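Residue-level listing of the chains:
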Amino acid sequence: GDSVTQMEGPVTLSEEAFLTINCTYTATGYPSLFWYVQYPGEGLQLLLKATKADDKGSNKGFEATYRKETTSFHLEKGSVQVSDSAVYFCALRGDSGAGSYQLTFGKGTKLSVIP
Amino acid sequence: DTAVSQTPKYLVTQMGNDKSIKCEQNLGHDTMYWYKQDSKKFLKIMFSYNNKELIINETVPNRFSPKSPDKAHLNLHINSLELGDSAVYFCASSQGYLNTEAFFGQGTRLTVV
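Owing to the predicted nature of the structure, the values given are computational and were not obtained by experimental measurement. (Residues numbered from 1 in each chain as written. Chains lettered and ligands numbered in written order. Predicted model: local features only at pLDDT ≥ 70, side-chain atom pairs only at ≥ 80, totals over all residues. Heavy atoms only, no water.)

**Some remarks on the interface of chain B and chain A**
Listed by partner, the interface residues are 25 residues for chain B and 23 residues for chain A. Each partner contributes to the roughly 2000 Å² buried at the junction of chain B and chain A, and carbon and sulfur atoms together form 57% of this total. At the surface where chain B touches chain A, the tally comes to 0 salt bridges. Counting the contacts that link chain B with chain A gives 4 residue pairs in polar contact (both at pLDDT 80 or more). Listing elements by their share of the side of chain B that touches chain A, those giving two or more residues are β4 (31-37), β5 (43-50), β6 (53-56) and β9 (87-94) of chain B. Looking at the side of chain B that touches chain A residue by residue, the class counts come to 11 nonpolar, 10 polar and 4 charged. (Contact = heavy atoms within 4.5 Å. Buried area = accessible area lost by both parts, 1.4 Å probe. Salt bridge = Lys/Arg side-chain N within 4 Å of Asp/Glu carboxyl O. Polar contact = N/O pair within 3.5 Å; in protein donor to acceptor, adjacent residues only side chain to side chain. Helix = DSSP H or I, 4+ residues; strand = E, 2+ residues; numbered from the N terminus. Nonpolar A, V, L, I, M, F, W, Y, C, P; charged D, E, K, R; others polar.)

In structure tokens, the structure reads:
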């Protein structure tokens, strides 16, 4: 079945540091890939997405590129802020088969940014 | 207007009780979901419901049952609550299943004592 593996957290960075959160996936066909963010005490919000190979999703200074050759969708940001402190989830949605409309999530990576 | 709303936000109850969590979406979506988030923040799909087709994660105990009175609602009923059911439960919805994002509610924190 589909699966998502993302780097273990927690990750602690100083403000303005560079962020990378690794995400790799296993899926048949051509899944869509997502990054969701969960701020403290809130539900998940879509941060960015990519629907086909080589697509780059971007939002709020975050970027991720859909790399089919390496089955990866790493999240990056050039300069993090304290307000970026949250839990980040990589997810995929399959493109075929029963239940393919279910999102499969990674285990989440907690990011803490200190001033 | 809240797109996906869940009630209650917090629920504390004793072992053995039966409880329900309600979910409503006003986005006109045709697919709704329930996820369980454990203490380590791991999100696990419990159910998805699309045009009256229910898909159940086989690891979900049959004490959990979803009820969908209409396309905009997917409620979660839990019988004979156990300590291990304590978690945050998220409802979500999406339109179709290809290339679309899911919209999440704010979650219901269930504590079983």
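**Some words on the nonpolar core**
W35(A), L47(A), L48(A), F73(A), L75(A) and Y88(A) are the most contacted members of the largest nonpolar core, which totals 26 residues. Per-element accounting of this core gives the leading share, 4 residues, to strand β10 (residues 86-93) of chain A. Once you skip the residues sitting within four places of it in the chain, L75(A) turns out to touch L19(A), T20(A), I21(A), W35(A), L47(A), L48(A), F62(A), E63(A), A64(A) and Y88(A). Within the second largest apolar cluster, 19 residues are counted, among which are F47(B), F64(B), I78(B) and L81(B). (Core = buried A, V, L, I, M, F, W, Y, C linked by side-chain atoms within 4.5 Å. Buried < 20%, exposed > 50% of the residue type's maximum accessible area, 1.4 Å probe, protein only.)

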